[in-house]
Amino acid sequence: MTVRVGVIGAGWIGHEHIRRLTHTVTGARVTAVTDIDAARAEEAAAPVGARVYASGAELIAADDVDAVLVTSWGPTHAEHVLTAIAAGKPVFCEKPLATTAEDCLRIVEAETAHGRRLVQVGFMRRYDAGYREMKQVIESGRIGEPLIVHCAHRNPTVPESYTSAMAALDTAVHEVDVLRWLLDDEIVSTQVVTPRATSMRFAHLKDPQIMLFETAKGVRIDLEVFVNCQYGYDIQCEAVGEEGLVRLPDPAAVGVRTAAQHSTEVLTDWVSRFRDAFDTEFREWIAGLAAGAEPTGPSAWDGYAATVITAATVEALESGLVVATDLKPRPAFYGGAA
């Protein structure tokens, strides 16, 4: 079975996923594209022979669309996801699921009422080989019960449009999701500490930031977000347990010895770092749909949790206080207590 995918949003990430679905993933064909900029939609659709639709609603209703991929501007995500659920079509939504907790809950309620999982959220780190190995080690009990997690998320630079709140909403959101998944635990409080600021930032930006999370089981997480580190794109994660620790491996790179130095390359962008994870994410999504299975990746509930936790982290940054996340109880539909 070939899964016919309609893409809503033809910006850079939309183009990248169209390329991935066409040339990397088997069993998928992009048949429809829409974008607020019609010319951009035409540009994305033409190379793959897809039809261009005037709106997301028209694309979702199209007979030649089996599943929907949402890569549009964040504030439009809720509308498109809800329309896909109403049409009974599987929908993959790049993060965020929605920009408010209220819209996320509307999606959760709509999917629950539908009675079958349709929504997957694009948190690709769950598909990274290193993170998957870490999860296997933690679940095996080899390091005992996790006690502490140390993380870092470093970018070489960010544009002037990047704000202090985006450190949580756009950057740390990936750690928030992957740590909830790694630990099988919920984040219940958040705090932000701002050390001496780097001189390499724009004046309006608080950088770096140290985010401190506590989980329901008492695990303490510290996350350094440093988006003007200059030297490269560097993702670090180390879970410390009662009997050992497990550390995320750095990307494979050759060691070079020359001029009395031993060096290895550091990547400079997230596309290179997580390309394989993106590929695996879409292969598994398409394979599941082709088999008639429900999505097994990050759920609408995970999208809700990430939105709530990152919003609380922004509040913690602005207030200087420890802020409770105040998540709603997880519904049984998503594996919560009945």
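This text gives an overview of the structure that appears in the document. Remember, predicted model here, so these are calculated numbers, not experimental data. (Residues numbered from 1 in each chain as written. Predicted model: local features only at pLDDT ≥ 70, side-chain atom pairs only at ≥ 80, totals over all residues. Heavy atoms only, no water.)

Focus: the pairing of strand β1 (residues 3-8)
Here comes step 1: The buried fraction of β1 is high, at five of six residues.
Here comes step 2: Where β1 meets strand β2 (residues 28-34), six bridges bridge the pair, whose relative direction is parallel. When the bridges of β2 are listed, V3 appears paired with A28.
Here comes step 3: As for the winding sense of the linkage, the β-α-β connection from β1 through helix α1 (residues 12-23) to β2 is right-handed.
Here comes step 4: Pairing between β1 and strand β4 (residues 67-70): four bridges, direction parallel. Across the sheet, the residue bridging to V5 is A67, located in β4. (Buried < 20%, exposed > 50% of the residue type's maximum accessible area, 1.4 Å probe, protein only. Helix = DSSP H or I, 4+ residues; strand = E, 2+ residues; numbered from the N terminus. Pairing = 2+ DSSP bridges. Right-handed = clockwise from strand over helix to strand, strands pointing away.)

Some words on the packing of α1 against helix α8 (residues 270-290)
Here comes step 1: Running from N to C, α1 and α8 point in directions that differ by 55°, and their axes come no closer than 11 Å. Here α8 runs oblique to α1, going by the angle between their axes. Of the two possible hands of crossing, α1 and α8 adopt the one that is right-handed. On α8, the residues touching W12, I13, H17, R20 and L21 of α1 are W270, V271, R275, F278, D279, F282 and I286.
Here comes step 2: In terms of residue class, the contact of α1 with α8 is made up of eight nonpolar, one polar and three charged. (Axes fitted to C-alpha atoms, helices over the stretch in contact; angles between N-to-C directions. Parallel < 35°, antiparallel > 145°, perpendicular 65-115°, else oblique. Left-handed = near helix turned anticlockwise from the far one by under 90°. Contact = heavy atoms within 4.5 Å. Nonpolar A, V, L, I, M, F, W, Y, C, P; charged D, E, K, R; others polar.)

What about the packing of helix α7 (residues 166-183) against helix α9 (residues 300-319)?
Here comes step 1: Where α7 contacts α9, the axes come no closer than 9 Å and their chain directions differ by 125°. Taken as axis vectors, α7 and α9 run oblique relative to one another. In this structure, α7 crosses over α9, and the sense of that crossing is right-handed. For the pair formed by α7 and α9, the contact residues are A168, L169, V173, V176, D177 and R180 on the first element and W301, D302, A305, A306, I309, T310, A311, T313 and V314 on the second.
Here comes step 2: Looking at the contact of α7 with α9, its residues break down into 10 nonpolar, two polar and three charged.

Some thoughts on the sheet that holds strand β11 (residues 234-241)
Here comes step 1: Reading across from one edge, β12-β11-β7-β10-β9-β8-β15 is the order of the seven strands in this open sheet, with mixed pairing throughout. Each of the sheet's edge strands pairs with one partner strand only, and the pair in question is β12 (245-247) and β15 (323-324).
Here comes step 2: Inspection of the sheet shows strand β9 (residues 209-215) paired to strand β10 (residues 220-226) by six bridges, in the antiparallel sense. Residue M211 lies in a different strand from β10, and its bridge partner there is L223.

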